[in-house]
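Survey of secondary and tertiary structure
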Amino acid sequence: MMTKPTQFETRAIQATEPHDDETGSVANAIYPSTTFKRETDGTFKSGYIYSRKANPNRSLLESALATIEEGEFALAFASGMAAINTVLQSLKPGDHVIVPDDAYYEVRRTLGELFSTWHLAHTQVDMTDHEAIKAAIKPNTQLIWIESPSNPLLKVTDIKTVADLAHANDALCIVDNTWCTPVLQRPLALGADAVMYSTTKYYGGHSDSLSGALVLNPAAPESFKAQLKNIQNLSGAVPSAFDAWLITRGIKTLKLRVMQQVSNAQKLAEFFAQHDAVDAVHFPDLANHPQHELATRQMPDGCGAMISIQVGSGREAAMAVIAKLQLFTPATSLGGVESLVEHRKSVEDALSQTPENLIRISVGIEHIDDLMADWQNALS
Ligand SMILES: *Cc1c(COP(=O)(O)O)cnc(C)c1O
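Okay, so let's go over this structure. (Residues numbered from 1 in each chain as written. Predicted model: local features only at pLDDT ≥ 70, side-chain atom pairs only at ≥ 80, totals over all residues. Heavy atoms only, no water.)

**Looking at empty space enclosed by the protein**
In the structure shown here, the tally under the stated rule is 1 cavity of 30 Å³ or more. Space inside the largest cavity adds up to approximately 40 Å³. Along its surface, the largest cavity is lined by Pro100, Asp102, Asp126, Met127, Thr128, Glu147, Ser150, Lys155, Val156 and Thr157. Here the residues of the lining of the largest cavity sort into 3 nonpolar, 3 polar and 4 charged. (1 Å grid on protein atoms, 1.4 Å probe; cavity = no way out; pocket = protein on both sides within 12 Å on 5 of 7 lines; lining within 4 Å. Points joined across faces, edges and corners; volume = space filled by probe spheres on them. Nonpolar A, V, L, I, M, F, W, Y, C, P; charged D, E, K, R; others polar.)

Put into structure tokens, the structure is as follows:
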């Protein structure tokens, strides 16, 4: 008998294969059925009853996500925000949450506009400042939320140190790993209780499926894990069978895509770093990044494929550069095979600290020579 494959690429293929003895199908079927037949003895043939509770496509996706991340189990959602809301709903009125000062802006909005009425308090902290985190911890702090690298300034948080700090204070530590994926960063191995994904981004990889996920560490508290499962089932923010199928398919090529994107991003960041028209480059794999040493230790195979640059004196300068690009589509979101570019400040809310002259770039899998030529032209 063959030994269990140890490599990510192999496990990603194996974990997403169908188990279809009836047809021998090599590709996965899609099961849009919302309901499943009950046998005369009252049982259900494969355990499926109703698709809000479980669906064959979602079950395969969830088991594959848990396998490649080496988690205990995974839960799939209708969006990344639905996964985040599930975590927040598991907390109680009177609890306190610590989030990064530059957290994904809709996380800030969710806490400020929705969960404040549930009396869930939160504090925003610079996660690179461990003394500031310690000072923000209160007796009722239940969760420290990490996003690393951060959006859009690509600040890097020391996941192990912050997870240890959370646990020393009986709080959970959860990492939004959307930008890195398990190809580049493994928060569960660093002590996080769970990782959260907007699978809309790199997991799906083709900008055609809105979905999200949580993957749980076996060491996370049992009551928390049970509560998440319960909320997923009762709140019903689950992906459709088709979305689950698309993300499952995305897992098969995840590493290939991400490594190509990382390779392109590294070259593009170096190009920006030496270009006179670029005032600042935010990319953790550049030697002058403030947390470069931590970044390359925590993400040894590459620091992702997101880059932010600052050009000229303000919004107009940034917009003028964006208008000249031909291969980078101006659009929000990230992680797809196609390169995107965005004036981030105008997408975020009024509280956003993003500089006006900042351009956020999601590097795709196109040929680097073409991508570089496009920027050469736009910056000239
Ligand atoms: C896109 C994104 C989210 C939100 O996910 P949706 O799928 O859009 O709900 C959360 N965190 C990060 C880092 C993201 O990029």
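Having seen the structure, we can now continue with the description.
**Concerning helix H2 (residues 56-69)**
In a regular helix each residue adds 1.5 Å, so 14 residues correspond to 20 Å; H2 covers 20 Å between its end C-alpha atoms and thus fits that length. Buried residues dominate H2, accounting for 11 of its 14 residues. Buried residues of H2: Pro56, Asn57, Arg58, Leu60, Leu61, Glu62, Ala64, Leu65, Ala66, Ile68 and Glu69, and no others. The N-terminus of H2 is capped by asparagine 55, whose side-chain oxygen sits 2.7 Å from the backbone nitrogen of asparagine 57. Backbone geometry just after H2 places glutamate 70 at a positive phi near 55 degrees. (Helix = DSSP H or I, 4+ residues; strand = E, 2+ residues; numbered from the N terminus. Expected span 1.5 Å × (residues − 1). Buried < 20%, exposed > 50% of the residue type's maximum accessible area, 1.4 Å probe, protein only. Polar contact = N/O pair within 3.5 Å; in protein donor to acceptor, adjacent residues only side chain to side chain.)

**Focus: the nonpolar core**
If you look at the biggest cluster of nonpolar residues, it comprises 79 residues, and the most contacted ones within it are Leu268, Phe272, Ile307, Ile309, Ile359, Ile361 and Trp375. Among the elements that line this core, the one with the most residues is helix H9 (residues 241-273), at 11 residues. Each of domain 1 (8-252) and domain 2 (255-379) contributes no fewer than three residues to this core. When neighbours within four sequence positions are excluded, isoleucine 359 is seen to be in contact with Ile307, Ser308, Ile309, Val311, Ala318, Val321, Ile322, Val341, Glu342 and Trp375. Met81, Val87, Phe115 and Leu214 belong to the second largest nonpolar core, which has 27 residues in total. (Core = buried A, V, L, I, M, F, W, Y, C linked by side-chain atoms within 4.5 Å. Domains from an automatic or database assignment. Contact = heavy atoms within 4.5 Å.)

**Here we look at the site of the ligand**
Residues in contact with the ligand amount to 13 residues; listed here are only the nearest, Met81, Asp176, Ser198, Thr200 and Lys201. Within the contact set of the ligand, an oxygen atom lies 2.9 Å away from a backbone nitrogen or oxygen of glycine 80. One of the side-chain nitrogen or oxygen atoms of serine 198 is found 2.8 Å away from an oxygen atom of the ligand. Out of a free accessible area of 380 Å², the ligand has 92% covered by protein chains. Of the residues that constitute the shell around the ligand, the class distribution is 4 nonpolar, 6 polar and 3 charged. (Near = heavy atom within 4 Å. Areas by Shrake-Rupley, 256 points an atom, 1.4 Å probe, with all protein chains shown as cover.)

**A few points about the sheet that holds strand E9 (residues 306-310)**
Spatially, E8-E9-E12-E11-E10 is the arrangement adopted by the 5 strands of the open sheet, whose pairing is mixed. Edge strands, defined here as strands with exactly one partner in the open sheet, are strand E8 (280-282) and strand E10 (329-330). (Pairing = 2+ DSSP bridges.)

**Remarks on the pattern of salt bridges**
Under the defined criterion, the tally for this structure stands at 18 salt bridges. Across the salt bridge formed by glutamate 72 and lysine 225, the nearest N and O atoms sit 2.6 Å from each other. Remark: lysine 225 occurs in helix H8 (residues 222-235) and glutamate 72 occurs in the loop between H2 and strand E1 (73-77); sequence separation between them is 153 residues. Accessibility expressed as a relative area gives 39% for glutamate 72, which makes it partly exposed. Residues lysine 160 and aspartate 164 are paired through a salt bridge, measuring 2.8 Å at the closest nitrogen-oxygen approach. Taken as a pair, lysine 160 and aspartate 164 lie in helix H6 (residues 159-168) at a separation of 4 residues, close to a single helical turn. Given the relative accessible area of 43%, lysine 160 is considered partly exposed. (Salt bridge = Lys/Arg side-chain N within 4 Å of Asp/Glu carboxyl O.)

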